[in-house]
Amino acid sequence: MKYNSVFDIIGPVMIGPSSSHTAGAARIGLAARNLFGGDPEWAKIYLYESFAKTYKGHGTDFALAGGLMGFAPDDPRMSKALEIAEERALKIEFIEDSAAVDHPNTARLVIGKDNESIELIGISIGGGKVEITELNGFELRLSGNHPAILIMHNDRFGAIASVTKILAKHEINIGHMEVNRKDVGKEALMVIEVDQNVSDDILKELESADHINQIAKIVS
């Protein structure tokens, strides 16, 4: 079976009962795992509004756990994901948060392993579709409809140019790009959607570019 991206569900098969609360939640968990770059050892998952009220009955809890372990939304193991997570020593804490959010199906995931961690916010927008709206405090709009590169870098002159120069050399076309920074001269995030998957060799070259700190990719 082919998937268009780490977020997409192709075909009518999925583990229910809800496309928004189950399939969408699985895709948020899967996105977190891919952006982290592997299997986390622990996760704190904050659930808001509708997610917080119904996450046990609608399977949002096991779907998020399954996604974190790399299960696709139609994986037959999905309904047993919480038990499998326990067997794998993946510690997951679910927290019902009453803070106001822009969308009722919102989850904030903080996941980590050893001394590394990431934090992201994902929303399930219906029909199994999701958006990642924040990563490590940076606002973004990432749907996963196209391959993408996420690049943490220092906000310095030439950082963006060094990345786009490498992509142009390898004939990688940029479909959409946005840059966010927390403050002038501090850490910044490039989100680059491209027309084709970027090979690991090109990623290594990007990692060696000026002022680049960390790179994650999303494949199609």
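Residues numbered from 1 in each chain as written. Predicted model: local features only at pLDDT ≥ 70, side-chain atom pairs only at ≥ 80, totals over all residues. Heavy atoms only, no water.

If you check an unreviewed UniProt entry, the protein appears there as L-serine deaminase from Virgibacillus indicus. Per UniProt, the protein has the following entry under Catalytic activity (unreviewed entry): "L-serine = pyruvate + NH4(+)". One UniProt comment on the protein, placed under Pathway (unreviewed entry), says "Carbohydrate biosynthesis; gluconeogenesis." (UniProt positions renumbered as here; feature names shortened; annotations may be inferred.)

A. Quick look at helix H6 (residues 200–207). Taken residue by residue, H6 has Ile202, Leu203 and Leu206 as its buried positions. Down the axis, H6 shows its buried residues gathered within 105 degrees of arc, on one side only. Exposed side chains of H6 directed beyond 90 degrees from the buried face belong to Asp201 and Lys204. On its buried side, H6 packs onto strand S7 (148–154), helix H5 (159–169) and strand S10 (212–218). (Buried < 20%, exposed > 50% of the residue type's maximum accessible area, 1.4 Å probe, protein only. Helix = DSSP H or I, 4+ residues; strand = E, 2+ residues; numbered from the N terminus. Arc of directions from axis to C-beta. Contact = heavy atoms within 4.5 Å.)

B. Looking closely at H5. The set of residues buried in H5 consists of Ala159, Ser162, Val163, Ile166 and Leu167. Summarising the axial view, the buried residues of H5 lie within an arc of 130 degrees, below the 170-degree limit, and thus occupy one face. In H5, those exposed residues whose orientation departs by more than 90 degrees from the buried face are Lys165, Ala168 and Lys169. Immediately beyond the C-terminal end of H5, within one or two residues, lies Glu171, with a positive phi of roughly 60 degrees.

C. Spotlight on the nonpolar core. Ranked by size, the top nonpolar core spans 43 residues in total, and within it Leu109 and Leu150 carry the most contacts. The dominant element in this core, judged by the number of residues it contributes, is helix H1 (residues 19–36), at 7 residues. With residues near it in sequence (within four places) discarded, Leu150 still touches Leu35, Leu135, Leu140, Leu142, Leu189, Met190, Val191, Gln214, Ile215, Ala216 and Ile218. In this structure, Ile149, Ile172, Ile202 and Leu206 belong to the second largest nonpolar core, which totals 16 residues. (Core = buried A, V, L, I, M, F, W, Y, C linked by side-chain atoms within 4.5 Å.)

D. Just the pairing of strand S6 (residues 138–142), in detail. Burial of the side chains of S6 is restricted to one face: Phe138, Leu140 and Leu142 are buried, whereas none of Glu139 and Arg141 on the reverse face is. With 3 bridges joining them, strand S5 (residues 129–135) and S6 adopt antiparallel strand pairing. In the sheet register, Ile132 faces S6, and the bridge partner there is Leu142. Hairpin connection from S5 to S6: 2 residues lie between these consecutive antiparallel strands, with Asn136 at a positive phi of about 50 degrees. (Pairing = 2+ DSSP bridges.)

E. Layout of the sheet that holds S10. Reading across from one edge, S8-S9-S7-S10 is the order of the 4 strands in this open sheet, with antiparallel pairing throughout. Edge positions in the sheet fall to strand S8 (174–181) and S10, since each has one partner strand and no second. Across the sheet, the axes of successive neighbouring strands diverge by a mean angle of 15 degrees, strand direction being ignored. Contacting S7 and S10, H6 crosses the sheet at an angle of about 155 degrees to S10. (Axes fitted to C-alpha atoms, helices over the stretch in contact; angles between N-to-C directions.)

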